[in-house]
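Here's the letter readout for the chains.
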Amino acid sequence: MNGWIVSANDLVVGTVVYYAADGWSGDIGDAAVAADRIAAKKLLAASESAVRDNRVVEPYLVEVELCRGKLSPLRLREQLRHRGPSVAQAGG
Amino acid sequence: MYRYDEFDAQVVRERVAQFRGQVARRLAGELSEEEFKPLRLMNGVYLQLHAYMLRVAVPYGTLSSRQLRKLAHIAATYDKNYGHFTTRQNIQFNWPQLRDIPDILGELSEVEMHAIQTSGNCIRNVTADPFAGAAADEIEDPRPICELIRQWSTFHPEFTFLPRKFKIAVTGAPKDRAAIKVHDIGLRMHRNAAGAPGFEVVVGGGQGRTPMIGKTIRRWLARNEILAYLEAIMRVYNLHGRRDNKYKARVKILVHEIGAEQFAAQVEREYENSAGQTRKALPDADEIRRIARHFAPPIGEAEAKADDGEGAKKLRAARAADGGFDLWCRASLAAHKIPGHAIVTVSLKPAGGIPGDATAEQMRSVAGLAERFSHGEVRVSHEQNLVLPWVRAAEVHELWRGLRDSGLAAANAGLAGDIICCPGLDYCTLATARSIPVAQQLGVRLGGTKRQRDIGGLSINISGCINACGHHHVGNIGILGLEKKGREFYQITLGGSADENAAIGDIIGPGFAAEEVGDAVDMVVGTYLKIRRAGETFIDAYRRVGAEPFKEALYAA
Ligand code: SF4
């Protein structure tokens, strides 16, 4: 099943966050899922109040697939945002 | 090296304080993102896929050991222990937190560094030949002129909101190591008929979605006229450059649309009209000399004259005795203008590594080695390597051992393993595909010691989108990552070149899926090896035979 979630970057730290029922979470598993486009629009509008609260930067909708209870973004860009760079980091 | 005067230091300090206030207001909710974004960009702060990114300027690619240590400290304290050197001779930190950035900028200001002119539609940080001041083929060190341009362009009120960003590169040598023909303005020093050094002025080069080689609009310009002339160019651009369409806003489009001759005529007219007002205010020969003194070689004349050839002899003996060292020397050493010395390129391209990345420890190690062997001076090259410009021939072997201990002795500068690559979709929010994994794969495939020596001089450049930060248009082999139906695919161009014979590569045919691109590049290289004549590099062979044999090898099957 496909759906939409809302993602943004944390204002202070910059990390990737997802809009959840009780605020923002770094864990995609916590994300609130909209099943159709109308619900997705509503979800995005709700998330925007958090922008006014100064928590996150530029929220937007991300299309996801729900497979065996796990949310997985459809686009590679969002998969990389979710998992982090696909390459080992020099300083790591 | 150039030292900031009190005025510079104060400007940078005030800028840090100002940005500290802006960040505080943003975090307190007094500034919206819309209001804050242009302010953060003016201070080099981007928001990328996973985090903020801070781009720090390295004016004309020159760093002191002290500055490099500070960059290492920032990497270790505020980031994930590494930094990424870019094709614009800058360094980027990929993981700083917004709340820390004012402190980072404060720390940078202690060593005369900042992030000004690293973003926005202004005249960006000026770039130069990384061998400047030391190269055997050089007419004069271009950095005094670069420094003049820096002073003139920083916060220049007339040029703070240009139609688009504006990049200037300068070389003082006939061999172009600064890619001047693919910059908005390229300045190439040469002598006129009377033997006086001056600059050829090239305008309208660039990469991105409309790659172009710059056109010469002035064959020779005296050094002390340079700022007035640049001002005339900027005024013509500011007046006529398009502001209605981002994709047509660079000066290259204006030069292309009205023609180089017409553009030159307008610049000359503006130059004559404004000359009375501005030329007088510009630095005279004494001021140029004053600045030039800061760039005087750190090696005294007495030492230069005293060279008895012993150092070179010692180096030859060490090379003869140690094959690994000899291989590294072949790739890494360049001829120096002072006898008994060498310019050393430190490759940041270990096979399978991330091009341009250096850990905090590696930065500290290079800083220490530069202090011991290169008068405390380091350069950053647009090939994303570091350069030690003042090394005694007698000490090259010892330096190499130090580099080897820090994992910095890859013997591939200028060879197939020396891949130029932007961050791509692993970091960059504008990317359409990943570039680093392709570089890593090719580095391993082509970067074997014997293989890359056999291939010889070859530039491979990879960009993760059409913005071309990896300079793929001017790679002998260029690779552009795109997205097609949700999947990464890669377009290959051949025949590009970033030097004095600059050329934009030809798109060779349909693109390749991620899993095919390694084989395709291998096939291109294999075709070259088959068709080359004795002594011919890849680009020589390509220019002789054209694209056909490569197309056939790639697509005929
Ligand atoms: S070329 Fe594109 S992907 Fe690469 S760094 Fe530039 S903008 Fe990002």
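The rules behind the values
- Residues numbered from 1 in each chain as written.
- Chains lettered and ligands numbered in written order.
- Predicted model: local features only at pLDDT ≥ 70, side-chain atom pairs only at ≥ 80, totals over all residues.
- Heavy atoms only, no water.
- Domains from an automatic or database assignment.
- Contact = heavy atoms within 4.5 Å.
- Buried area = accessible area lost by both parts, 1.4 Å probe.
- Nonpolar A, V, L, I, M, F, W, Y, C, P; charged D, E, K, R; others polar.
- Salt bridge = Lys/Arg side-chain N within 4 Å of Asp/Glu carboxyl O.
- Polar contact = N/O pair within 3.5 Å; in protein donor to acceptor, adjacent residues only side chain to side chain.
- Helix = DSSP H or I, 4+ residues; strand = E, 2+ residues; numbered from the N terminus.
- Near = heavy atom within 4 Å.
- Pairing = 2+ DSSP bridges.
- Axes fitted to C-alpha atoms, helices over the stretch in contact; angles between N-to-C directions.

Caption draft 1: Highlighting the domain arrangement of chain B. All names here are of chain B. When the domains of chain B are assigned, the result is domain 1 (9–109), domain 2 (135–293), domain 3 (304–405) and domain 4 (420–555). A straight line from the C-alpha centre of domain 3 to that of domain 4 covers 28 Å. Tallying the contact residues gives twelve residues for domain 3 and ten residues for domain 4. Contact between domain 3 and domain 4 buries roughly 950 Å² in total, counting both sides, with carbon and sulfur atoms accounting for 64%. Among the residues forming the side of domain 3 that touches domain 4, the class breakdown is five nonpolar, four polar and three charged.

Caption draft 2: Representation of the interface of chain A and chain B. Taken together, the contact pairs 25 residues of chain A with 33 residues of chain B. For the pairing of chain A and chain B, the buried interface totals around 2,300 Å² over both sides, and the portion due to carbon and sulfur atoms is 57%. Area buried by chain A at its contact with chain B is led by Val 12, Arg 77 and Val 87 of chain A, which between them contribute 21% of it. Note that Glu 58 of chain A and Lys 37 of chain B form a salt bridge whose closest N and O atoms lie 3.9 Å from each other. In this assembly, chain A and chain B are joined by ten residue pairs in polar contact (both at pLDDT 80 or more). The set of elements that each furnish at least two residues to the side of chain A that touches chain B consists of β1 (2–10), β4 (56–67) and α2 (76–83) of chain A. With four residues, the top contributor of residues to the side of chain A that touches chain B is α2 of chain A.

Caption draft 3: Broad picture of the site of the ligand. The immediate surroundings of the ligand are formed by Cys 422, Pro 423, Gly 424, Cys 428, Leu 430, Ala 431, Gly 464, Cys 465, Asn 467, Ala 468 and Cys 469 of chain B. By residue class, the composition of the shell around the ligand is eight nonpolar, three polar and no charged.

Caption draft 4: Structural context of the sheet that holds β4 of chain A. Residues and elements named next belong to chain A. As summarised here, the arrangement of the five strands in space is β3-β2-β1-β4-β5, forming an open sheet in which the pairing is antiparallel. The open sheet terminates on both sides in strands that have one partner only, identified here as β3 (23–25) and β5 (70–73). On average, each strand axis in the sheet is tilted by 45° relative to the strand beside it, whichever way the strands run. With three bridges joining them, β1 and strand β2 (residues 16–20) adopt antiparallel strand pairing. Across the sheet, the residue bridging to Ala 8 is Val 17, located in β2.

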